[in-house]
Amino acid sequence: MSSPTRASSRLVYRGSLALPDSHVTLGGIAFSAMLTAQTTLLQNPLALALESLRGIAIRFVAVINLADVYYDAKAAPSIVLDIHPQAVLSTVYFQNIFCLRPEQTHSIGVQVALGDTDATNIVIYASSVGDNSLRLLAARITPPPVALPRPDDPTPRKPPLLLHAKGRDLFPPKPQFKVPAVPAKTLKRKPSQVELEVGSTIERKNKDTVKGIVVRSIQTHLLPKTHPEYKDVFNWIYRGVCFAMRADIKLKPVNEENASRLARVHVGMYVQGADGRKGPI
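Residues numbered from 1 in each chain as written. Predicted model: local features only at pLDDT ≥ 70, side-chain atom pairs only at ≥ 80, totals over all residues. Heavy atoms only, no water.

**Quick notes on the overall build of the protein chain**
- A tally of helices and strands in the protein chain yields 5 helices and 9 strands.
- Helices (α) and strands (β) of the protein chain occur, in sequence order from the N terminus, as β-β-α-β-β-α-β-β-β-β-β-α-α-α.
- By the burial criterion, 30% of the 281 residues in the protein chain qualify as buried.
- Surface accessibility of the protein chain: about 19,900 Å² in total, with carbon and sulfur atoms responsible for 56%. (Helix = DSSP H or I, 4+ residues; strand = E, 2+ residues; numbered from the N terminus. Buried < 20%, exposed > 50% of the residue type's maximum accessible area, 1.4 Å probe, protein only. Areas by Shrake-Rupley, 256 points an atom, 1.4 Å probe, with all protein chains shown as cover.)

**Some thoughts on the side chain of Asn121**
- With respect to the secondary-structure elements, Asn121 resides in strand β6 (residues 121-129).
- A polar contact is formed between the side chain of Asn121 and the side chain of Gln111, at a distance of 3.1 Å.
- For Asn121, the contacting residues outside a window of four places in its chain are Val61, Gln111, Val112, Ala113, Arg140 and Ile141. (Polar contact = N/O pair within 3.5 Å; in protein donor to acceptor, adjacent residues only side chain to side chain. Contact = heavy atoms within 4.5 Å.)

**Observations concerning the environment of Ser107**
- Along the chain, Ser107 falls in the loop between α2 (88-98) and β5 (108-113).
- The spatial distance from the C-alpha of Ser107 to the C-alpha of Ala126 is 8.8 Å, given a sequence separation of 19 residues.
- Setting aside its immediate chain neighbours within four residues, Ser107 contacts Ile64, Asn65 and Leu66.

**Examining helix α4 (residues 230-244)**
- Relative to the 21 Å expected for 15 residues at 1.5 Å per residue, α4 spans 21 Å between its end C-alpha atoms, a close match to the ideal helical length.
- Listed as buried for α4 are Tyr230, Val233, Phe234, Ile237, Tyr238, Gly240, Val241 and Cys242. (Expected span 1.5 Å × (residues − 1).)

**Side note on the sheet that holds strand β4 (residues 79-83)**
- As summarised here, the arrangement of the 7 strands in space is β1-β2-β4-β7-β6-β5-β3, forming a closed barrel in which the pairing is mixed. The mean angle between the axes of side-by-side strands here comes to 40°, regardless of whether they run parallel or antiparallel.
- The pairing of β6 with strand β7 (residues 133-140) spans 8 bridges and is classified as antiparallel. If you follow Ser127 over to β7, its bridge partner there is Arg135.
- Along the sheet face, helix α1 (residues 45-53) touches β1 (9-18), β2 (25-34), β3 (58-65), β4, β6 and β7 and points at about 60° away from the line of β1. (Pairing = 2+ DSSP bridges. Axes fitted to C-alpha atoms, helices over the stretch in contact; angles between N-to-C directions.)

Purely spatial values, then, with no claim about function.
Put into structure tokens, the structure is as follows:
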């Protein structure tokens, strides 16, 4: 590899290339910006980035396929890599990468990270100069540009699916809409008016029977009807007996013996002196 003489160039970096997993560095590495009358150093961000390193070693990352990355090869001024003639190790290293397989010379590159972080990556690639010489150039690895649609571009549409049948292209049949079946409802039979009247008649007769039993159970000499709390005691005893017999009070005539027993129990709870018990009254 040779470095042709350039009429106008500016040295932007001189240092070494650090190899991964090794304490060996490749010295004699220099990058120069090829300036022309139409270009300045400020036009290429890579030139400014290299100049700001000031001797800090750049880091080797990997040998990559140029088709897998997008690099700014058209940036001006272009950045050229020079290797010092006495840096034999660096010369042999890059010759092994770019010259051993001529069919890969222009399809591969060396990815290099600037500084201690991977924020800025560049690629070193080969460009032919004459018949037997190569020039090593450097460019930034950047995201590919996004092509913005023009205002007059038609909106892309997905083509319809076609079915090929017997040599003809047919549109697929449109799916037919089917009304889902309505789930069967379980109808609950409402009781007839006769059943309601019979049930209400039995319940009314049973409640009247319970009222009479409660009246007879409250001894008048213990709690006369003129007592101010007679109605409250009567209502609580009546409700208690009806609640205790709630399972049968609407279906069949009540058992008066059971109703009387329940009434006596409630009277003993609320009436003082009944059955030898003391109540709140």
